[in-house]
Amino acid sequence: MYEVDYSWLITEDKPLSQYCHNTRLLSDYVKKEEVIFSHFKAFKKSKICLDKVCFFDLIPESILRSYLDLKNEVTLDVWENNIFDENYYNTLKRAHTLCSSMESYSVNLDKPWLRENKHKYNTNKFNNKHIKYDIFKTKTGRLSTKKDSFPILNMNTLLRRALLPNSDLFVSFDYNAAEVRTMLALMGIEQPKSDIHSTHSKVLKTDRKEAKSTFFSWLYDPVKKHKYFDSTYDRGKLLDKYYYNGCVETDFGRSMPVEKDKAFNYILQSTANDIAIENFYKVQQHLVGKKTKIAFMIHDSLVLDVSKEESSDLLQIKNLIEETRYGTINCSLSVGKNLLDMREVA
């Protein structure tokens, strides 16, 4: 397998032409790009369905070759003549590789169930059976989806019942209280094996729901004080380490300008996201050549479409997800025959 690098990650999905330093090469490339775009507009005006016909098959070969040769030269110029942070680039490359793998997965819908329930739900965006993630849309790097994507991140939760595995069953791995456990990891505090909010409820002598609400109310409000939480978790220490000159700088190379009152939120959300992507990427590499496939990443959880004959691999996959660069961060394991009715088993 060849190792591939991507100049468009250096440009953060902006046009390559904005980062090309060779003016002659850039001028030739822009002209050729205009020719290609004029063909595209002509095909669209002629009502040629490009979903059924390959756009590049319709362009004269000499024009296409000339354009692609120039694009290769521009790509090389961008790669060789722009300074970029290798740590941040590797973070983006893992995210891109993982998302590309998931985009190739075809969503399997329970059509009879959808027909029976079509009066209850809006399924207009279900026409595209592939999930197209956007790794650049949010400041923190948290994944979103593109307009023409299957809406896995913002669909009605009850509609998950319509999603079926292509193989034998769905298996999801979900980090428990991901951002909170990220905070503990960054602070060097040992991860509790039990539920964090249940642990807090015992100390605060209240129920779990109230303890969770109180904790998050304190966590993301920089001026709020709480005797137990202030003495247990040093938010100021993390801000001193990761926030300076108006920017959050994470261990994954991300640099995010942000007001100080939002900085702590950015540190945790961005780092939790990149921990998940780094470890889910390990799973993607582990599954190359296997029948089990990655189906979706839904925030802090990874959903696999599992072949039963490879189910003995699941505990190893769970270990890959839990062993992070900051030590062990526990995740749950749930199984189901559709994405709604998932049962936690570990």
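Residues numbered from 1 in each chain as written. Predicted model: local features only at pLDDT ≥ 70, side-chain atom pairs only at ≥ 80, totals over all residues. Heavy atoms only, no water.

Bringing the pattern of salt bridges into the picture now. For the structure on display, the rule yields 16 salt bridges. Close ionic contact of Asp5 with Lys93 constitutes a salt bridge, the shortest N to O distance being 3.2 Å. Here Asp5 is found in the segment before helix H1 (7-10), whereas its partner Lys93 is found in helix H4 (residues 86-103), with 88 residues between them in sequence. Residue classification places Lys93 among the buried residues on the basis of a relative accessible area of 12%. Here Arg325 and Glu278 are joined by a salt bridge, their closest N and O atoms 2.8 Å apart. In this pair, Arg325 is assigned in the loop between strand S11 (323-324) and strand S12 (327-328) and Glu278 in helix H11 (residues 260-286), connecting sequence segments 47 residues apart. On the basis of relative accessibility, which here comes to 39%, the residue Arg325 falls in the partly exposed class. The structure contains a network of salt bridges with shared partners spanning Glu3, Asp5 and Lys93. (Salt bridge = Lys/Arg side-chain N within 4 Å of Asp/Glu carboxyl O. Helix = DSSP H or I, 4+ residues; strand = E, 2+ residues; numbered from the N terminus. Buried < 20%, exposed > 50% of the residue type's maximum accessible area, 1.4 Å probe, protein only.)

Before going further, it helps to spend a moment on the sheet that holds strand S13 (residues 331-336). Strands sit in the order S9-S10-S5-S13-S14 across an open sheet of five strands; the sheet is antiparallel. Edge positions in the sheet fall to strand S9 (293-298) and strand S14 (343-344), since each of these pairs with one other strand and no more. As paired elements, strand S5 (residues 169-175) and strand S10 (residues 301-306) share six bridges and run antiparallel to each other. Each residue of the ladder has a partner; that of Val171, found in S10, is Leu304. (Pairing = 2+ DSSP bridges.)

According to the stated counting rule, one finds 23 aromatic pairs in the structure shown. Seen from their ring centres, Trp79 and Phe84 are 5.2 Å apart, and the 45° between their planes marks the pair as tilted. Plain terms: the ring middles of Trp218 and Tyr233 are 6.3 Å apart, the flat faces sit at 40° to each other, and that makes the pair tilted. Taken together, the residues span a long stretch of sequence, with Trp218 in helix H8 (residues 208-219) and Tyr233 in the loop between helix H9 (227-232) and helix H10 (235-242) at a distance of 15 residues. For Tyr233, a relative accessible area of 7% translates into the label buried. Taken together, the aromatic side chains of Phe215, Phe216, Trp218, Tyr220, Tyr228, Phe229 and Tyr233 make up a single cluster linked through ring pairs. (Phe/Tyr/Trp six-rings, centres within 6.5 Å; stacked < 30°, edge-to-face > 60°.)

For the rest of this paragraph, the subject is helix H6 (residues 178-187). Within H6, ten of the ten residues are buried, leaving the element largely enclosed by the surrounding structure. Taken together, the buried positions of H6 are occupied by Ala178, Glu179, Val180, Arg181, Thr182, Met183, Leu184, Ala185, Leu186 and Met187. Gly188 sits one or two residues past H6 and shows a positive phi near 75°.

Within the element layout of this structure, Asp305 appears in strand S10. When neighbours within four sequence positions are excluded, Asp305 is seen to be in contact with Tyr105, Pro165, Asn166, Ser167, Asp168, Leu169, Phe170, Lys291, Thr292, Lys293 and Ala295. In this structure the side chain of Asp305 is engaged in a polar contact, spanning 2.5 Å, whose partner is the backbone nitrogen of Asn166. (Contact = heavy atoms within 4.5 Å. Polar contact = N/O pair within 3.5 Å; in protein donor to acceptor, adjacent residues only side chain to side chain.)

With that settled, consider the nonpolar core. Within soluble globular proteins, side chains that are nonpolar tend to cluster in buried spots. Counting residues in hydrophobic clusters, the biggest one holds 59 residues, and the most contacted among them are Tyr133, Ile152, Leu163, Phe296 and Met297. Tallying contributions element by element places H4 first for this core, with seven residues. Ignoring anything within four residues of it in the chain, the contact list for Phe296 reads Met102, Tyr105, Val107, Ile131, Tyr133, Ile152, Leu163, Phe170, Ser301, Leu302, Val303 and Leu339. Counting residues in each nonpolar core, the second largest holds 23 residues, with Leu184, Ile196, Leu219 and Tyr243 among its members. (Core = buried A, V, L, I, M, F, W, Y, C linked by side-chain atoms within 4.5 Å.)

Reading across from one edge, S6-S7-S8 is the order of the three strands in this open sheet, with antiparallel pairing throughout. Each of the sheet's edge strands pairs with one partner strand only, and the pair in question is strand S6 (243-244) and strand S8 (255-257). Judged from the two bridges that link them, S6 and strand S7 (residues 247-249) form a sheet pairing that is antiparallel. Bridging across to S7, Tyr244 finds its partner in Cys247. Here H11 sits on the sheet and contacts S6, S7 and S8; the angle it forms with S7, its principal contact strand, is near 25°. (Axes fitted to C-alpha atoms, helices over the stretch in contact; angles between N-to-C directions.)

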